[in-house]
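Inside the fold
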Amino acid sequence: QVQLIESGGGLVQAGESLKLSCAGFGLPFRRYSVGWFRQAPGEEREFVTAIRWSSGTTIYADFVKGRFTISGDNAKNTVYLQMNSLKPEDTAVYYCAGRLYGLASKLPDDYNSWGQGTQVTISS
């Protein structure tokens, strides 16, 4: 399985941007779908976005459409999450997840590998 390491989280003000990175080690992302999920305190983990590497197909949660963009760099085996127009309700730990050979999915249980998460905090 691939090892996933997220980075790029931090504290920003509402309306600002952050770019998260998810670096994969051990297996090439071209065999995977890679998703981003988030979990706020006291809440369940929720789907944000995902990409199927081989086709470039992307899916997004409704609440991030037009604000967040998922992309990948094949040479760096890294997936990015560009987050614009951030809101306080976007505050959460953000996780990337890998699904070997499968389609991009909104379901956490479909993913085989998880990173340790990176904290994103948006102040109002």
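Residues numbered from 1 in each chain as written. Predicted model: local features only at pLDDT ≥ 70, side-chain atom pairs only at ≥ 80, totals over all residues. Heavy atoms only, no water.

1. As for the state of the cysteines
Which entries qualify depends on this criterion: In this description, the term disulfide denotes a pair of cysteine sulfurs within 2.5 Å. Going along the chain from the N terminus, every DSSP run of H or I of four or more residues is numbered as a helix, and every run of E of two or more is numbered as a strand. The buried label applies to any residue whose accessible area, calculated with a 1.4 Å probe on protein chains only, is under 20% of its type's maximum; exposed applies above 50%, and partly exposed to all values in between.
The final tally for this structure, using the stated rule, is one disulfide. The disulfide that involves Cys22 links it to Cys96, with 2.0 Å between the sulfurs. Disulfide Cys22-Cys96: the torsion about the S-S bond is 60°, which places it as right-handed. Taken together, the positions of Cys22 in strand β3 (residues 18–25) and Cys96 in strand β9 (residues 92–100) put the pair 74 residues apart, joining distant regions of the chain. Take Cys22 and Cys96: they sit in the same class, and that class is buried.

2. Side note on unusual backbone geometry
In the Ramachandran plot, Ser85 falls in the positive-phi region, its phi being about 50° despite a non-glycine side chain. Looking at the element boundaries, Ser85 is found in the loop between β8 (78–83) and β9.

3. Re the pairing of strand β1 (residues 3–7)
Heads up, the condition is: Pairing between strands is defined by DSSP: at least two bridges between the two strands are required.
Side chains Leu4 and Glu6 of β1 all project onto a buried face; the interleaved residues Gln3, Ile5 and Ser7 project onto a face where none is buried. In terms of strand pairing, β1 meets β3 through five bridges, oriented antiparallel. Its bridge partner being in β3, Ile5 is matched across the sheet by Ala23.

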